[in-house]
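In case you want the letters, here they are:
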Amino acid sequence: MTKRISKVVVLLVTLCAVRAIDAQSMFRGDATHSGTYMGPAPRQFHRVRWKFPTGDRVISSPVFKDNVIYFGGDDGNVYAVDAATGRQIWKRATNGPAPATPAIADGTVYIGSYDGRFYAFNAQTGALKWKFATNGERRFEAKGLHGMQPKQQTIADPFDIYLSSPVVANGTVYFGSGDGNLYALDSATGDLRWKFKTGDVVHASPALADGVLFFGSWDSYFYAVDAATGKERWRFHGGEDPMIHNQVGFQSSPAVVNGTVYTGCRDSNLYALDAATGKEKWRVFNDLSWVITSPAVADGKVFFATSDSSLYHVVDANTGKPIVRQQGKAYMFSSPAVGSDVVFIGVLNGTLEARDLKTGDLLWDFKVEKSKENDGWVLTSDRKFNGPFLSHSNWREAPILATDQQIRLGGIYSSPLVVNGVVYFGSADGYVYALE
Amino acid sequence: MTAAGALLRLITILIGAAVLPSQAQDLMSGRWEGTARIPDDDLNVIVDLAQQNGAWVGSIIIPGLGVKGTPLTDIKAEASDVNFAVKGPVGIKLNLRLLPPPENKLAGNFEQAGNRAPVTLQKTGPPQVEYPPRSTPVAKELEGEWKGDYEIMGFTRHVSIKFANHPDGATADFVIVGRKHNVLPVDLVSQESDLVTVDSHEMGFSFEGRLRDGKLTGAIRQGAIETPLVLVRAK
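Just so we're clear, the structure is a prediction, and the values are computed from it rather than from any experiment.

Rules of the game
Residues numbered from 1 in each chain as written. Chains lettered and ligands numbered in written order. Predicted model: local features only at pLDDT ≥ 70, side-chain atom pairs only at ≥ 80, totals over all residues. Heavy atoms only, no water. Helix = DSSP H or I, 4+ residues; strand = E, 2+ residues; numbered from the N terminus. Rg over C-alpha atoms; globule rule 2.2 N^0.38 Å. Contact = heavy atoms within 4.5 Å. Buried < 20%, exposed > 50% of the residue type's maximum accessible area, 1.4 Å probe, protein only. Core = buried A, V, L, I, M, F, W, Y, C linked by side-chain atoms within 4.5 Å. Buried area = accessible area lost by both parts, 1.4 Å probe. Salt bridge = Lys/Arg side-chain N within 4 Å of Asp/Glu carboxyl O. Polar contact = N/O pair within 3.5 Å; in protein donor to acceptor, adjacent residues only side chain to side chain. Nonpolar A, V, L, I, M, F, W, Y, C, P; charged D, E, K, R; others polar. Pairing = 2+ DSSP bridges. Axes fitted to C-alpha atoms, helices over the stretch in contact; angles between N-to-C directions. Phe/Tyr/Trp six-rings, centres within 6.5 Å; stacked < 30°, edge-to-face > 60°. Lys NZ or Arg CZ within 6 Å of the ring centre and 35° of its normal.

Caption draft 1: Quick look at the overall build of chain B. When you go through chain B residue by residue, the secondary structure sums to 1 helix and 18 strands. Rg of the C-alpha trace for chain B: 24 Å, well past the compact-globule value of 18 Å for 235 residues, more than 25% over. Once the C-alpha set of chain B is aligned to its principal axes, its extents read approximately 90 × 40 × 25 Å. A separation of at least 24 residues holds for 38% of the contacts in chain B among residues at least 6 apart in sequence.

Caption draft 2: Summary view of the overall build of chain A. What chain A contains, in helices and strands, is 4 helices and 35 strands. Taken over C-alpha atoms, the radius of gyration comes to 20 Å for chain A, in line with the 22 Å a tight globule of 436 residues would show. Counting only C-alpha atoms and orienting by the principal axes, one finds that chain A spans roughly 75 × 50 × 45 Å. A buried classification covers 64% of the 436 residues belonging to chain A.

Caption draft 3: Highlighting the nonpolar core. Val47(B), Ile60(B), Val82(B) and Phe110(B) are the most contacted members of the largest nonpolar core, which has 32 residues in total. Ignoring anything within four residues of it in the chain, the contact list for Val47(B) reads Gly30(B), Arg31(B), Trp32(B), Ser59(B), Ile60(B), Leu72(B), Phe84(B) and Leu121(B). Formed by 31 residues, the second largest nonpolar core is a distinct cluster that contains Tyr79(A), Ala337(A), Leu352(A) and Ala354(A).

Caption draft 4: Just the interface of chain B and chain A, in detail. Across the boundary between the two partners, chain B contributes 26 residues, which contact 24 residues of chain A. When chain B packs against chain A, close to 2000 Å² is buried across both sides, 64% of that on carbon and sulfur atoms. Of all residues in chain B, Asn115(B), Met153(B) and Ala224(B) give up the largest surface area on contact with chain A, accounting jointly for 28% of the area buried on that side. On inspection of chain B and its partner chain A, the count reaches 2 salt bridges. Asp287(A) serves as the salt-bridge partner of Arg179(B), at 2.3 Å between the closest nitrogen and oxygen. Taken together, the links from chain B to chain A amount to 6 residue pairs in polar contact (both at pLDDT 80 or more). Among the elements of the structure, strand 2 (41-52), strand 8 (105-112), strand 9 (115-125), strand 11 (155-166) and strand 18 (225-233) of chain B are those that each provide at least two residues to the side of chain B that touches chain A. Among the residues making up the side of chain B that touches chain A, the classes are represented as 13 nonpolar, 6 polar and 7 charged.

Caption draft 5: Broad picture of the sheet that holds strand 17 (residues 215-222) of chain B. Residue and element names in this part refer to chain B. Here we have 9 strands laid out as an open sheet, ordered 13-12-11-10-18-17-16-15-14, and antiparallel in their pairing. Sheet topology places strand 13 (181-184) and strand 14 (188-192) at the edges, where each strand pairs with a single neighbour. Here the average twist between neighbouring strands, direction ignored, is 20°. Pairing geometry for strand 10 (residues 144-152) and strand 18, over 2 bridges, is antiparallel. Note that in strand 18 the partner of Lys147 across the bridge is Val232.

Caption draft 6: Inspection of the packing of aromatic side chains at higher detail. Residue and element names in this part refer to chain A. Across all of its chains, the model carries 39 aromatic pairs over all chains by this definition. Ring plane angle 5° and centroid distance 5.0 Å describe the contact between Phe140 and Trp218, whose orientation is recorded as stacked. Of this pair, Phe140 sits in the loop between strand 10 (128-133) and strand 11 (141-143) while Trp218 sits in the loop between strand 18 (212-216) and strand 19 (221-226), and the two are 78 residues apart along the sequence. Taken together through their ring pairs, the aromatic side chains of Phe45, Phe344, Trp364, Phe366, Phe425, Tyr431 and Tyr433 make up a single cluster. Seen from the ring of Tyr312, Arg355 lies directly overhead, with NZ or CZ sitting 5.2 Å from the centre.

Caption draft 7: Fine view of the pattern of salt bridges. For the structure on display, the rule yields 32 salt bridges over all chains. Among the salt bridges present, the one from Asp194(B) reaches Arg212(B), with a minimum N-O distance of 3.0 Å. Residue Asp194(B) is found in the loop between strand 14 and strand 15 (195-200), and its partner Arg212(B) is found in strand 16 (residues 205-212); the two are separated by 18 residues along the sequence. By relative accessible area, Arg212(B) is classed as partly exposed at 48%. If you follow the salt bridges from partner to partner, you end up with Arg43(A), Asp341(A) and Asp356(A) in one network.

Caption draft 8: Region of the structure containing the sheet that holds strand 18 of chain A. All names here are of chain A. In spatial order, the strands read 17-18-19-20; together these 4 strands make up an open sheet with antiparallel pairing. Both outer strands of the open sheet, strand 17 (207-209) and strand 20 (232-237), are each paired with one neighbouring strand and no more. Mean inter-strand twist for the sheet, computed between neighbouring axes without regard to direction, equals 20°. In terms of strand pairing, strand 19 meets strand 20 through 5 bridges, oriented antiparallel. Its bridge partner lying in strand 20, Tyr221 is registered against His237.

So, in structure tokens, the structure goes:
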């Protein structure tokens, strides 16, 4: 009897371990994108275990499988790096920046690139298994976007910085594309199973729960689509902004927990939708400040942050009632990661913050070197964005160049990954960091 | 150095020191051009300083920040030191010292948003101080309160502008009520024929409209965002 109990315990531990490892091999952990990672997380900062240089900014979020960290680089490469040492195992080139987060399943790395191709590489060797051509990538664009001038000029959105990250289940890989489609491909062959057309760019990453895919598009709609057939189950209409197209579109990727879909939106709301019907349960309005972060959900709470107002929020998952509200220093696009009793989030001023799970108080932070140099005084002395130095003109290329300056200081757009007491993330300074 | 040589040098220094404070005020007047050495970026700075009726006036040009002819405020010139500020969104302070001849330079610190960088300016000519435009009087029929609504990003804003004439030009109380009650500091009111403008440069808001058929028909500009707005006389 004792032996039998021991066997059951061993089996349960093994299952938990498998779940823990699997929950680190896709964007936001697993297919539901809860942003919650099992195992220990550093409540104190001790040291940089390693930092890995690439040829350009790293917007992609690292994922973990079998002691290897995988991520995409804006230098066009997809990387496999030893999680313990930071040594490169392999890299494979795509023909464009890869600001998407890869998914690892069945020994394969899946990732899309700005070259309009979606790739499958052997996870061990980096050998190409197959690639699939979409109708081409592009960023969200609009006339007079965000009040940029001249207002009759169509302008690509410099803040549309991510590509959709894939989710893999049941032999199918799903991802969104700048061509407006959500694609479902055979994960072994790359053959198209179906595609679902929306009205604009899909750079949010689909979440999958109970055979349904959930994702938002820049066409102002959030969709639920049958994962097997590609048929629409329901759609939810977010805000519109026909004047300057600032308060429109789902850039945030959803989390699905206990029958509720949580998603941020550029209309400055965080929405909680019924996963079965698409009916709104509650919303948190953020005073015209975008919610780009993908929410994390843990312990009956939803964790998210805002852009312009730079607020870190924790709200009740059932009601949306505020629990914690902390003022940050700069915009947050990076999605919060819950590890043990700590929440990690990247800030666009080049800081990684570790906050207490319950109180939201700052436990420690880490500033990348490039941000400390503060080239061109992009930051104020207290590390807020320095408006007059960044954006004194809304005409022609000035706002685009200002955004580029913002990015070059080493902003952390990447969402942290927590594995065995180590936090991994990319920075726009071109490095991937491992902190412990 | 001989004793006589040392004495001569000391006398020269003492004379120089005695003359410098009184000369400094005159020497500071002029156009000064140079750079503030902020990290990875030299910022061109042009300062015009002049004395007018015994008081210092000045303006500044910073091409890299879109600053042109912005007035200097809080100018303090004492002995060889001159300090001043540039108010508004850019929020700059300069603390400078006149270097003794033959340097003919102002050197010190350029401060903005808590950041500080060394700055050196060289005199390049006489001052060309720019003065901000002044408010004009407005037509009698415009005096009093005007109201209207506009919508931006899905939210309605209520606008009230109350004009009054004074001997040195018109003033306007400019209020926008959305989810907050915003009283905008107005620095310029002008009327040219039937075109009326009200500017709050500090807040980045302006209204421009034509007075026709008892209505002020135009647009409100918030930063780069321009929205149509019609104001009618408040009842």
